[in-house]
Amino acid sequence: MKTLVIISHPSIDESGSQQFLIQALSDRSLEQVTLHPLEKTYPDGVIDVKHEQELLKSHDRIIFQFPFYWYSSPPLLKHWQDEVLTEHFAFGYRGDKLKDKELGLVLSIGLSEKEYQTGGQEGYSISELTKPFQAVARKTGMTYLKPLSIFQYAYMSEEERMGLLIRYQQYLTLKKPDSLKPREEWIIAALKETATETLRTDHSDFIIEQVIEHIEDNRMELDELRMHIDNYHE
Amino acid sequence: MDEQDWIIRELEQLFDSSRDYKQKALLKAAADLIREQKTRKEQLQGELDGTLWSPGNWRN
């Protein structure tokens, strides 16, 4: 699976959260992921439609990554949609080029999560406010993914940021980023590749092996339990 | 100390010893994952126990 991350931010170099996300990707993730910052690619705002459509065609998962300004994206991403998602390409007669791809959102949001509900300061949920993106996915035949919403990045603790770093990589690269089993496989693959030179313990290789084995043993036990339960329901 | 506690403690020591931010994040995620697996096992074990003790299945 190949993922295209279309980033829209008016001043990406000054954005702590955007820089964090860009740096978060490991070499392993980058084999699968293309980062595409719109404002840097098109500083004059003139979009190369053909090139953009080719990019879309050569990727399976499309991510719009942006700060959630006034319940929408920065203007260049809207302009990009107007220019690139044309009839006969994205919809209409023979406009099936995006069909069966996935569309996901990575949103950085200035307020806390609890404000996005009835009675909260914003009054509406993120699901309600992102309806136009859901409608784009629907019209173009794409599967809409649950968004990755990052609330108040500036106030996140270091531990929370580390969690975000992993969640972000999984959001971009995993077929089912929420499910336990694919996340286990992802962690195991990443552990196998992690460099032990950056670890100061001499027996770090052994520990990493033990950790992988423990995760695999747990998975076997989980599958066995599930099998027993399913047998009883048959 | 059971095996899980030992593994988590070792992971925490690796975390402290690592000089690489992304690696630290990975080691923390591995510990979190193992805790999550444990919770899932307990839930499934509970579901299995409940199924075994359900009067509806006693006739089988």
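Located above this text is the structure these notes cover.
Below you will find a few notes about this structure. Nothing here was measured: the structure is a model prediction, and the numbers come from that model.

### Thoughts on the interface of chain B and chain A
And then number 1: Counting from both sides, the interface comprises 35 residues of chain B and, opposite them, 44 residues of chain A.
And then number 2: Between chain B and chain A the total buried area reaches about 3,700 Å² when both faces are included, carbon and sulfur atoms providing 68% of it.
And then number 3: Applying the counting criterion to the chain B and chain A interface returns 3 salt bridges.
And then number 4: When the shortest N-O distance is used, the salt bridge between arginine 183 of chain A and glutamate 36 of chain B registers 2.7 Å.
And then number 5: Across the chain B-chain A interface, the total number found is 15 residue pairs in polar contact (both at pLDDT 80 or more).

### Re the environment of isoleucine 12 of chain A
Residues and elements named next belong to chain A.
And then number 1: With respect to the helices, strands and loops of the structure, isoleucine 12 is situated in the loop between strand E1 (3–7) and helix H1 (16–24).
And then number 2: Taking relative accessible area as the criterion, isoleucine 12 reaches 8% and is therefore assigned buried.
And then number 3: Expressed as a C-alpha distance, the spacing of isoleucine 12 and glutamate 39, which sit 27 residues apart in the sequence, is 8.3 Å.
And then number 4: Beyond its immediate stretch of four places on either side in the chain, isoleucine 12 contacts Ile7, Gln18, Gln19, Ile22, Pro37 and Lys40.

### Some thoughts on a negative patch on the surface
And then number 1: A cluster of acidic residues, Glu197, Asp205, Glu209, Glu213, Glu216 and Asp217 of chain A together with Asp2, Glu3 and Asp5 of chain B, forms a negative patch at the surface.
And then number 2: If one sorts the elements of the negative patch by residue count, helix H10 (residues 204–233) of chain A sits on top with 5 residues.
And then number 3: Tracing the backbone through its elements, the reader meets aspartate 5 of chain B in helix H1 (residues 3–17).
And then number 4: Assessed through its relative accessible area of 41%, aspartate 5 of chain B is described here as partly exposed.

### Some remarks on the environment of leucine 38 of chain A
Residues and elements named next belong to chain A.
And then number 1: Note on placement: leucine 38 falls in helix H3 (residues 38–41).
And then number 2: The class for leucine 38 is buried, based on a relative accessible area of 0%.
And then number 3: Between the C-alpha atom of leucine 38 and that of glutamate 122, which follows or precedes it by 84 residues, the distance is 28 Å.
And then number 4: Among all residues touching leucine 38, those that are not within four sequence positions of it are Ile6, Ile7, Ser8, Glu52, Leu76, Leu77 and Trp80.

### Topic: helix H9 (residues 180–193) of chain A
And then number 1: Given a rise of 1.5 Å per residue, 14 residues ought to cover 20 Å, and the 20 Å separating the end C-alpha atoms of H9 of chain A matches this to within 8%.
And then number 2: Here H9 of chain A has its buried residues at Leu180, Pro182, Arg183, Glu184, Trp186, Ile187, Ile188, Ala190 and Leu191 of chain A.

### Quick look at the packing of aromatic side chains
All names here are of chain A.
And then number 1: On inspection of all chains with the given rule, the structure shows 7 aromatic pairs over all chains.
And then number 2: Taking the centre distance of 5.5 Å and the plane angle of 45° together, the rings of phenylalanine 20 and tyrosine 153 count as tilted. On the criterion of sequence distance, the pair formed by phenylalanine 20 in helix H1 and tyrosine 153 in the loop between strand E6 (148–151) and helix H8 (158–173) is long-range, its members being 133 residues apart. Accessibility classification places phenylalanine 20 together with tyrosine 153 in one group, the buried group.
And then number 3: Seen from their ring centres, phenylalanine 64 and tryptophan 80 are 5.5 Å apart, and the 80° between their planes marks the pair as edge-to-face. Placement of the pair is phenylalanine 64 in strand E3 (residues 61–67) and tryptophan 80 in helix H5 (residues 75–84), with a sequence separation of 16 residues.

Cut-offs applied
Residues numbered from 1 in each chain as written. Chains lettered and ligands numbered in written order. Predicted model: local features only at pLDDT ≥ 70, side-chain atom pairs only at ≥ 80, totals over all residues. Heavy atoms only, no water. Contact = heavy atoms within 4.5 Å. Buried area = accessible area lost by both parts, 1.4 Å probe. Salt bridge = Lys/Arg side-chain N within 4 Å of Asp/Glu carboxyl O. Polar contact = N/O pair within 3.5 Å; in protein donor to acceptor, adjacent residues only side chain to side chain. Helix = DSSP H or I, 4+ residues; strand = E, 2+ residues; numbered from the N terminus. Buried < 20%, exposed > 50% of the residue type's maximum accessible area, 1.4 Å probe, protein only. Patch = residues over 30% accessible without salt bridge, like charges linked within 9 Å, V, L, I, M, F, W, Y side chains within 5 Å. Areas by Shrake-Rupley, 256 points an atom, 1.4 Å probe, with all protein chains shown as cover. Lys, Arg positive; Asp, Glu negative; His and termini not counted. Charge placed at Lys NZ, Arg CZ, Asp CG, Glu CD. Expected span 1.5 Å × (residues − 1). Phe/Tyr/Trp six-rings, centres within 6.5 Å; stacked < 30°, edge-to-face > 60°.

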